[in-house]
Amino acid sequence: MHLKTTQLHHPYLQLPPLCFDKVSPTPLRDPYLIHANKEVAKLLDIDPADLSDPSFVKFVNGELALEGSDPFAMCYAGHQFGHFVPRLGDGRAINIGTINGWQLQLKGSGQTLYSRQGDGRAVLRSSIREYLMSEAMHGLGIETTRALAIIGSDQKVFREDWESTSIVLRVSPSWIRFGTFEYFAHNNKPEELKALLEYAIEECYPHLSIEKNRYLYFFTEVVGKTARLMATWQAVGFNHGVMNTDNMSIAGLTIDYGPYAFLDDYNINHICNHTDQHGRYSFGNQPRIGEWNLAALMVALAPLVDQEAMERAHQHYGRLYSQHFLQLMGAKLGLTHVQEADLELIKHLLGIMQTLQVDYTLFFRTLSHYQGNREALLKLGLYHQPLHEWLDDYDKRLANNTLSAEARNKKMLTVNPKYVLKNYMLQEAIELAQKGDYSGVNALFKIAQTPYAEHPEFERWAEATPEAFKNKKLSCSS
């Protein structure tokens, strides 16, 4: 299907008017295409050839309105760093419609009713980060929003300095957040709250639509999805950085990529957001915050769902998280028939990695080749004795495996990525892009889509993060 003949649909606009505000994008001056995602184009049933057509840039810039176009911004509230803010909303994102069940949103497309004195723009560096990382998370098999394209412009806005503007066309099966429910609950709007809940069930959990107790089942599903998402973040070493309830998806997706980071050296206390002075959203706190945010959602749903029943569902979060985490980490270690007792082996390893400051991704990729020769693993830490002791225990555990060493290695290479997009890599691509060179974006996009492949031409990015670039904190405008 060609872009110009594509028709947009707007199921969200069937909700009461208080749920959104209709607003048109404000196009950037003299826009140009930086990158487009052919795989996402296929999801939208858009001919990949159209991505190189000049009209595609106009579409991403909000200039070309397709048939059925009726753009709007969504309203929501949220707990930001634990403090409730009664009205937030899409301050720099405008929804332009749904195609094949994917909701399209232009991030950086100008002011909306919810901009709160902001200019509604996104800068090039933050747009590159979101565009690449959403694809990287998908490549790693983690639930996430995705992006169709990123465009740039010489138009400037001021952040820490004057910076070039950009727009990312991002897509998601749902943009509903925990904070969307909080908004209507806080404002005592039971009819809107009920309409939103019915819509969210139909959009994200349609199998529940015929269930009499579907509201409770909805919350139960969100608990399970959130537990699984937190486990995948922890297993891959991803720190989101801003887990406010307005940044939490009821569909269990990773959304709103800001000052995130993949771990360099393993550090359970790592904080990637310099605004987070007390470490509320540190790497190690993420599972607990997921549980806290679910409690906030539970309060918002209380006018419609039995409180005690939700509390019972909420109490399963810790068990579900632990089960998912154990299975994921067991797979990273190449263990068959993962058992509860394996958690001690995992904790022992993570404690050693913390003490020895071992690169998280590199260690597990190196371990994926392990067949008894310890030399490569020992090189990753300054002190060898702790790793020797752990490997003694690991060897004993492997003796109970049902897989051969070769089969184990092969499976481990499919779950332990060789590449993750660390912040120093992204910064390198950003600095090139700010000079008009998008080769770094192209290279990292290739890695993002295939993080388990070898990519000999990018071997330097598989090494430990250079010391000068480790554990840098970023701002929310990143």
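Below you will find a few notes about this structure. (Residues numbered from 1 in each chain as written. Predicted model: local features only at pLDDT ≥ 70, side-chain atom pairs only at ≥ 80, totals over all residues. Heavy atoms only, no water.)

**Remarks on the overall build of the protein**
When its secondary structure is counted, the protein shows 16 helices and 12 strands. In terms of overall size, the protein behaves like a compact globule, its C-alpha atoms giving a radius of gyration of 23 Å where 478 residues would be expected to give roughly 23 Å. In terms of overall dimensions, the protein has C-alpha extents of about 65 × 55 × 45 Å along its principal axes. Counting all 478 residues of the protein, 58% fall into the buried class. On the protein, roughly 19700 Å² of surface is accessible, and the fraction owed to carbon and sulfur atoms is 51%. Where the 46 positive side-chain charges of the protein centre and where its 54 negative ones centre are 1 Å apart. (Helix = DSSP H or I, 4+ residues; strand = E, 2+ residues; numbered from the N terminus. Rg over C-alpha atoms; globule rule 2.2 N^0.38 Å. Buried < 20%, exposed > 50% of the residue type's maximum accessible area, 1.4 Å probe, protein only. Areas by Shrake-Rupley, 256 points an atom, 1.4 Å probe, with all protein chains shown as cover. Lys, Arg positive; Asp, Glu negative; His and termini not counted. Charge placed at Lys NZ, Arg CZ, Asp CG, Glu CD.)

**Some details on unusual backbone geometry**
Residues other than glycine seldom take positive phi values, yet D45 does so here, at roughly 60°. Its place among the elements puts D45 in the loop between helix 1 (38–43) and helix 2 (54–60). Phi at D256 takes a positive value of approximately 60°, unusual for a residue other than glycine. Relative to the elements of secondary structure, D256 occurs in the loop between strand 11 (238–239) and strand 12 (261–262).

**Brief notes about the side chain of T336**
On the secondary structure map, T336 appears in the loop between helix 9 (317–332) and helix 10 (342–356). Assessed through its relative accessible area of 12%, T336 is described here as buried. From its side chain, T336 meets the backbone nitrogen of T402 in a polar contact 3.2 Å long. Contacts of T336, omitting those with residues within four sequence positions, involve R397, N400, N401, T402 and L403. (Polar contact = N/O pair within 3.5 Å; in protein donor to acceptor, adjacent residues only side chain to side chain. Contact = heavy atoms within 4.5 Å.)

**Description of helix 13 (residues 385–398)**
Taking 1.5 Å as the rise per residue, helix 13 with 14 residues should run 20 Å; its terminal C-alpha atoms sit 20 Å apart, in good agreement. Looking only at helix 13, the buried set comprises L387, W390, L391, Y394, R397 and L398. Down the axis of helix 13, the buried set is contained in an arc of 110°. They therefore lie on one face. On its buried face, helix 13 is in contact with helix 10, helix 11 (360–367), helix 12 (375–378) and helix 14 (405–412). (Expected span 1.5 Å × (residues − 1). Arc of directions from axis to C-beta.)

**As for the pairing of strand 6 (residues 93–99)**
Here strand 6 lies mainly inside the structure; seven of its seven residues are buried. Pairing between strand 6 and strand 7 (residues 102–107): six bridges, direction antiparallel. When the bridges of strand 7 are listed, I94 appears paired with L106. Between strand 6 and strand 7, which follow one another and run antiparallel, lie two residues, and N100 among them has a positive phi close to 55°. (Pairing = 2+ DSSP bridges.)

**Side note on the packing of aromatic side chains**
This structure, assessed with the given rule, holds 27 aromatic pairs. On the basis of an interplanar angle of 85° and a centroid distance of 5.4 Å, the ring pair of Y12 and Y199 is categorised as edge-to-face. In this pair, Y12 sits in the segment before strand 1 (20–22) while Y199 sits in helix 5 (residues 190–204), placing the two residues 187 residues apart along the sequence. A relative accessible area of 2% means that Y12 is categorised as buried. For Y199, a relative accessible area of 12% corresponds to the buried category. Seen in terms of ring centroids, F458 and W461 are 5.7 Å apart; in terms of plane orientation they differ by 25°. Their pairing is stacked. The class for W461 is buried, based on a relative accessible area of 7%. (Phe/Tyr/Trp six-rings, centres within 6.5 Å; stacked < 30°, edge-to-face > 60°.)

**Here we look at the nonpolar core**
Counting 127 residues, the largest nonpolar core has F181, F218 and Y394 as its most contacted members. Per-element tally for this core: the top contributor is helix 6 (residues 214–236), with 13 residues. Discounting chain neighbours no more than four positions away, the residues touching Y394 are L333, L335, L345, L367, Y370, R408 and M412. Ranked by size, the runner-up nonpolar core spans 25 residues in total, among them L44, I96, L104 and L106. (Core = buried A, V, L, I, M, F, W, Y, C linked by side-chain atoms within 4.5 Å.)

**Observations regarding the pattern of salt bridges**
For the coordinates displayed, the defined rule picks out 23 salt bridges. In this structure, the salt-bridge partner of E130 is R170, at a minimum N-O distance of 2.7 Å. Of this pair, E130 sits in helix 3 (residues 124–139) while R170 sits in strand 10 (residues 162–172), and the two are 40 residues apart along the sequence. Classification of E130 as buried rests on a relative accessible area of 2%. Residue E428 pairs with R460 through a salt bridge whose shortest N-O separation is 2.5 Å. Of the two residues, E428 sits in helix 15 (residues 423–433) while R460 sits in the segment after helix 16 (439–449), which places them 32 residues apart along the sequence. The network of salt bridges with common partners includes K107, E130, R170, R177 and D256. (Salt bridge = Lys/Arg side-chain N within 4 Å of Asp/Glu carboxyl O.)

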